[in-house]
Amino acid sequence: MFSNAFTDKALMAELVAKMLWEIKAVHFRADEPYRLASGMASPVYIDCRKLISYPRIRSAVMDFAAATILREAGFEQFDVVAGGETAGIPFAAMLAERLGLPMIYVRKAPKGHGRNAQIEGHMPEGARVLVIEDLTTAGGSMFKFIDAIRAAGGVVEHGIALFYYDIFPEARGNMKSKGVDLHYIATWRNVLAVARELALFDEKTLNEVEAFLNAPLDWSGRNGGVSALAVQ
Ligand SMILES: O=P(O)(O)OC[C@H]1O[C@H](OP(=O)(O)OP(=O)(O)O)[C@H](O)[C@@H]1O
Ligand SMILES: O=C(O)c1cc(=O)[nH]c(=O)[nH]1
């Protein structure tokens, strides 16, 4: 079960940002941009998948996720925890364990053979489902998982991303308009604050990262990625 110590929100954000740096999950590559799930080109990439390989870190992060959800959504609001393929799946397993709830996972698309299922595991009709992702950038992936759960009869009013880019002002609004509250532990603001405090990026790199985060679609368009997000 979860820890009953409810760590302060700002401290959880700072600690997760420090963990991401400690395990070298924060990447910068402006000359050969990363391609993101949304089709954007980006000079930065955060690999939250690495969290699962560090037992002390993953345990603390899952305590933080449980505390965030219990504090912001409530203690008795969910029947099932759902992980999004692939990176959300291990975190869903750990969070479901923490909260004493059943777990399911959602494929990006129906499997294509066998039962052709998109949702794996048992989801009772009308179940209140908490969706968890390792990371949310523009929100398209979270939306796809939520749409699939709703189409299969589940009720989704909350999603949690361990890390949220928080660079598209409209992303949280989009979620809200679809009836979903997006919860998260840390954002780029926290990661950059740690970088500054511990001098982990030189000044030039910091400026470039900030230029991207302040105008991501312009940066993307100039570097071979999409310059507008698909309508969600
Ligand atoms: O908010 P978005 O703009 O949709 O981007 C975030 C998505 O990108 C990553 O998944 P990815 O598609 O790389 O697949 P994976 O989980 O299988 O690694 C991440 O796990 C989110 O699902
Ligand atoms: O938007 C994405 O696809 C994305 C960004 C990022 O920093 N890390 C990741 O795993 N995916």
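In case you missed it, the structure is sitting above this.
Residues numbered from 1 in each chain as written. Chains lettered and ligands numbered in written order. Predicted model: local features only at pLDDT ≥ 70, side-chain atom pairs only at ≥ 80, totals over all residues. Heavy atoms only, no water.

Novice: Before we move on, could you go through the side chain of Arg-107 and cite the residues and values that matter?
Specialist: Along the chain, Arg-107 turns up in the loop between strand E6 (103-106) and strand E7 (119-120). Of note is the side chain of Arg-107, whose polar atom sits 3.0 Å from the side chain of Glu-120. Ignoring sequence-local partners within four residues, the contact set of Arg-107 consists of Glu-85, Ala-117, Gln-118, Glu-120 and Phe-145. (Helix = DSSP H or I, 4+ residues; strand = E, 2+ residues; numbered from the N terminus. Polar contact = N/O pair within 3.5 Å; in protein donor to acceptor, adjacent residues only side chain to side chain. Contact = heavy atoms within 4.5 Å.)

Novice: Can you lay out the packing of aromatic side chains for me, pointing to particular residues and giving the numbers?
Specialist: A complete count under the given rule lists nine aromatic pairs for this structure. Ring geometry for Phe-163 against Tyr-165: centres 5.9 Å apart, planes inclined by 85°, an arrangement best described as edge-to-face. With 6.0 Å between their ring centres and 75° between their planes, Tyr-165 and Trp-188 make a pair best called edge-to-face. A residue pair is termed long-range when its members are at least 10 positions apart, and Tyr-165 in the loop between strand E9 (155-164) and helix H5 (169-177) and Trp-188 in helix H6 (residues 188-197) qualify at 23 residues. Across this residue pair, the class does not change: Tyr-165 and Trp-188 are buried. Looking at Lys-9, its charged tip hangs above the ring of Tyr-184, at a distance of 5.5 Å from the centre. (Phe/Tyr/Trp six-rings, centres within 6.5 Å; stacked < 30°, edge-to-face > 60°. Buried < 20%, exposed > 50% of the residue type's maximum accessible area, 1.4 Å probe, protein only. Lys NZ or Arg CZ within 6 Å of the ring centre and 35° of its normal.)

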